[in-house]
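Observations on the three-dimensional arrangement
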Amino acid sequence: MWLKFYEWANKYSGLNGFYMTEILGSPILVVTDEAVAEELMVKRARYNSDRPTIISIFDSKSTDGSMEYLPLMGKNQYWARQRRLTHAYLTEASNAHYHGIMYHEAKRWLARLLEDPDNFQSSLEDMASKVMCQLTWDDPSLSEYCTKSAWGLLTQMSPAGPITNVLTPLWHLPEVINPWKRAERKRHDEQQNWWMERLVHTRAKMILGLQRPCFARQYLEKGHKRSNLSGDYEASCVVGMIALVGIFTVAGPLSYWLISMVHHPQWQGRVQKEIDEECNGQMPTLEDAPRLPILRACIKETMRWRPNVPTGVAHEMEADDVYRGYFLAKGTRILPLDWAFLRNPMKYPDPDNFRPERWLEPGWPTYQEPLTQFPTIKSMTSFGWGQRQCLGQTLTQDELIVACGALSWCFNLKPKRDLATGVDMPVPLDKSNSLLIIKPDPFQMTFEPRSEARKQEALRLWEESDARDKRERYEFAQKATITLEKLRTEI
Ligand code: HEM
C-alpha cells in the first residue's frame, strides 16, 4: 500500500509535499515532505492530533468510554491520562536500566539461536515479547500468549486485516449474521479478560509479598492515587497495552537488521570490529553505546532503509483549516507517509541503498556530531509527530543496541547454503506482509558462531544469567514466606 501511495506522490505531490485523495469516502491528505508534516502535526498539533475511527474495533477511539487502546484513542481525557502514565513508567524503566532484563533476554536469545537457529524468527519475536512481559508483569512465561494477543489486535486494526476495514458496510450487519463482529467480540473479550487476570494476579501476589517490581505493581502501589485512572479496568488496559505495543514494533527493525547484515557483509565486519575493539571482547552494554557509532549508524540506516511502519500512522483533523491556500475540512485524515520522508534524495542521497556512512562521515546532509551521541534513532520521522509521537523511542533504541550488539558479538550472519545445489538461498529484500506494522516474510539464513570460544562464552553467559535470575526469584519468595510465617506466629 505504501508503495502505491509513494507512486502517487511522485505523480501528484509536485513541489507541494502533499496530495489529497479519498479512500472509501474519507478524505485523506497524504504528506510526503517532512516540512509539511511538521507544519501540520507539530505546529498545528492543537487540532491535528485526533485519530481516525477503526471500523472493525469496537469504540476504537474510546469516544464511548471503553478506554482500551491508547494508541488508537481520540484526543480525549482517557488518552491524556494514559499517555502521561505510560510516559512516566517507560521513563522510569529506562532510568533503572530495565532492571537488567534486556541483557538477560538478549543472552537467552543467543543461547536459543545456538540451539535452534532455524527458528530464529519466532525466537526473535519471543525475545521482544519476554522483555515487555517482564517489564509489565515480571513474568517472561507470558510471552507466547502476549505475542498472540498483540498479533490479533494488529491484524484487526490494519487495512489489510478483516475485510470489514475495507468494505465497511459489512461491519454494520446485525451481529447474528455478522461473522466479523462475532470474531472481533471474541478476540476483544479474551484480550480484556487476560489483561484483567494479569492485574488481579499481580494484586494477589502483592498481598502475599511475592510480587517483584513491574508496571502492574507500580500502578497498584501508587498509580491508582496519582494517575486519575478510573479503576482496575482502565489500569489493566493501559498496562496491558504497554506490553503489546513493544513486541512487533521492536521485532521489525531486528528482523530487518538480519537482512541488512546478510546483504552487507562489509558493514557487518565493521560493526564486529568496532565491538571487539571497544568492548574488549565482551558483549556490548548500554554503557558502551557512546563508543559504538558504527553499530548505531547501521541500526539507524536499517530503520531508514526498511522502515517497519512505512505508511506512518494517521492523525485526524478536529477543525476546518486552510493550508497553503487549500481548504481542509474537519475530519480529514493526515497520513505522514514515512516511506516518502525516508526516500527524499535531498536529505538522503542514494536513498534506495543501505549507506550507513551517511550518519558517520562529514559531507552527508544527515551527518551530525558528536559521534558519541549521534547517530541516534530518537526523533526519526518513523516515530510520528507532535502530541501523538511514539512513547517507546528510548526503549526501542536501547533494545536494538543490546540485541543487535549481542548478535554481532556472537555470530556471523550469512545466507544459508542449499546443500543440494551448493548455492546460497536468497534473502529477499522486499517481501513482507502489509499490516500497519510490517515484518519480512519468512526466509532462511545461517547464524555462524564467530568462534568456538565465543559460542561457549555465550552459553556460559546465559547459564550464569539464568541461574542468577532463578536465585533472585527464589530469595524474593523466601523472604516473603518468612515474613508470612512471622506474621502467622505473631497472630
Ligand atoms: C521501531 C519501533 C517503533 C516504531 C517505528 C514506532 C512508531 C510509532 C508511531 C508511528 C506512532 C504514532 C505516532 C503518531 O501518531 O504521530 C507510535 C505511537 C506509539 N508508540 Fe511507538 N513505535 C515503536 C516502538 C514502540 C515501543 C517499543 C513502545 C512502547 C513499549 C511504543 C509505544 C507507543 C505508544 C504508547 C504510542 C501511542 C502514542 C499516542 O497515541 O499518543 N512504541 N509509535
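Quantities reported herein were computed from a predicted structural model and do not represent experimental measurements. (Residues numbered from 1 in each chain as written. Predicted model: local features only at pLDDT ≥ 70, side-chain atom pairs only at ≥ 80, totals over all residues. Heavy atoms only, no water.)

**So, the coordination of the iron atom of the ligand**
The condition that has to hold: A 2.8 Å cut-off from the metal defines N, O and S donors, relaxed to 3.2 Å for Na, K and Ca; water is not in the atom list, so some sites may appear incomplete. Under the DSSP-based scheme used, a helix requires at least four consecutive residues in state H or I and a strand at least two consecutive residues in state E, with every element numbered from the N terminus.
Looking at the protein side alone, the iron atom of the ligand has one donor only, Cys390 (SG), at 2.3 Å. Mapping Cys390 onto the fold places it in the loop between helix 13 (338-341) and helix 14 (393-410).

**Brief notes about the UniProt feature "transmembrane region" (unreviewed entry) in the protein**
This is how it is decided: UniProt positions are given in the numbering used here, feature names are shortened, and annotations may be inferred rather than shown by experiment.
Annotation from UniProt places "transmembrane region" (unreviewed entry) at residues 238-259. As a span, residues 238-259 carries 91% helix and 0% strand, and end to end its C-alpha atoms are 33 Å apart.

**What to know about the environment of Phe476**
Rules: Summary of the burial criterion: residues with accessible area below 20% of their type's maximum are buried, those above 50% are exposed, and those between are partly exposed, where the area comes from a 1.4 Å probe applied to protein chains only. Throughout, a contact is declared for two residues whenever any of their heavy atoms are within 4.5 Å.
Inspection of the secondary structure puts Phe476 in helix 15 (residues 452-490). According to the relative accessible area criterion, Phe476 is partly exposed, its value standing at 26%. For the pair Phe476 and Gln211, spaced 265 residues apart in sequence, the C-alpha separation works out to 8.6 Å. Among residues more than four places away in sequence, those in contact with Phe476 are Gly209, Leu210, Gln211, Arg212 and Arg217.

**Quick word on the packing of aromatic side chains**
Put simply, the test is: Stacked, tilted and edge-to-face are the three classes assigned to paired rings of Phe, Tyr and Trp, where Trp is represented by its six-membered ring and a pair needs centres within 6.5 Å; plane angles under 30 degrees give stacked, over 60 edge-to-face, the rest tilted.
Tallied over the entire structure, the rule returns 17 aromatic pairs. Relative to Trp339, the ring of Trp2 has its centre 6.3 Å away and its plane inclined at 50 degrees; by these criteria the two rings are tilted. Remark: Trp339 occurs in helix 13 and Trp2 occurs in helix 1 (residues 2-12); sequence separation between them is 337 residues. Exposure class is identical for Trp2 and Trp339. Each is buried. A centroid spacing of 5.7 Å and a plane angle of 80 degrees characterise the contact between Phe341 and Trp385, whose relative ring orientation is edge-to-face. A residue pair is termed long-range when its members are at least 10 positions apart, and Phe341 in helix 13 and Trp385 in the loop between helix 13 and helix 14 qualify at 44 residues. Aromatic ring contacts, followed pair by pair, group Phe120, Phe411, Phe443 and Phe447 into a single cluster.

**Remarks on the pattern of salt bridges**
Quick reminder of the rule: We define a salt bridge as a contact between a side-chain nitrogen of Lys or Arg and a carboxyl oxygen of Asp or Glu at a distance within 4 Å.
The final tally for this structure, using the stated rule, is 38 salt bridges. Between Lys61 and Glu316 there is a salt bridge, and its shortest N-O distance comes to 3.6 Å. Highlighted residues: Lys61 in the loop between helix 2 (34-43) and helix 3 (77-95) and Glu316 in strand 3 (residues 315-316), separated in sequence by 255 residues. You'll find Lys61 and Glu316 in the same group, each marked buried. In this structure, the salt-bridge partner of Glu190 is Lys186, at a minimum N-O distance of 3.4 Å. A residue pair is termed a helical-turn pair when its members lie 3 or 4 positions apart in one helix, as Glu190 and Lys186 do in helix 7 (residues 179-207) at 4 residues. Judged by its relative accessible area of 40%, Glu190 falls in the partly exposed class. Bridged by salt links that share partners, the residues Asp138, Arg212, Asp469 and Arg473 form one connected network.

**Section: helix 2**
What counts, and what does not: Directions pointing from the helix axis toward each C-beta atom define the arc. Throughout this description, a polar contact denotes any pair of N or O atoms lying within 3.5 Å of each other; where both atoms belong to protein, one of them has to be capable of donating a hydrogen while the other can accept it, and for residues adjacent in sequence the pair is counted only when both atoms sit in side chains.
Of the positions making up helix 2, those classed as buried are Val36, Ala37, Leu40 and Met41. What you see down the axis of helix 2 is that its buried residues fit within an arc of 100 degrees, all on one side. Two or three places before Ala35, at the start of helix 2, stands the capping residue Asp33, its side-chain oxygen 2.7 Å from that residue's backbone nitrogen.

**Focus on the site of the ligand**
Rule in force here: Nearness is judged by heavy atoms alone; a residue qualifies as near a molecule or strand once a single heavy atom is within 4 Å of it. Side-chain classes follow a simple rule in which Ala, Val, Leu, Ile, Met, Phe, Trp, Tyr, Cys and Pro form the nonpolar group, Asp, Glu, Lys and Arg form the charged group, and the remainder, Gly included, forms the polar group.
Taken together, 27 residues form the shell around the ligand, and within it Arg51, Trp79, Arg83, His315 and Cys390 come nearest. For the ligand, an oxygen atom lies 2.7 Å from a polar atom in the side chain of Arg83. Of all elements in the fold, only helix 3, helix 10 (248-263) and helix 14 reach the threshold of two or more residues within the shell around the ligand. Of the residues contributing to the shell around the ligand, the split by class is 16 nonpolar, 8 polar and 3 charged.

**Focus: the packing of helix 5 (residues 120-137) against helix 9 (residues 232-245)**
In plain terms, the rule: Axes here refer to lines fitted to C-alpha atoms; in helices the fit is confined to the stretch in contact. Angles between the N-to-C directions go from 0 to 180 degrees. When an angle is under 35 degrees it counts as roughly parallel; over 145 it counts as roughly antiparallel; between 65 and 115 it counts as roughly perpendicular; any other value is oblique. Working rule for handedness: look at the near helix, and if it is turned counterclockwise from the far one by less than a right angle, call the crossing left-handed; if clockwise, right-handed.
Their axes nearest at 8 Å, the elements helix 5 and helix 9 cross at an angle of 160 degrees. In terms of orientation, helix 5 and helix 9 fall into the roughly antiparallel class. In this structure, helix 5 meets helix 9 at a crossing whose hand is right-handed. Contacts from Met132, Thr136 and Trp137 in helix 5 reach Val239, Gly240, Ile242 and Ala243 in helix 9. Class assignment of the residues belonging to the contact of helix 5 with helix 9 gives a composition of 5 nonpolar, 2 polar and no charged.

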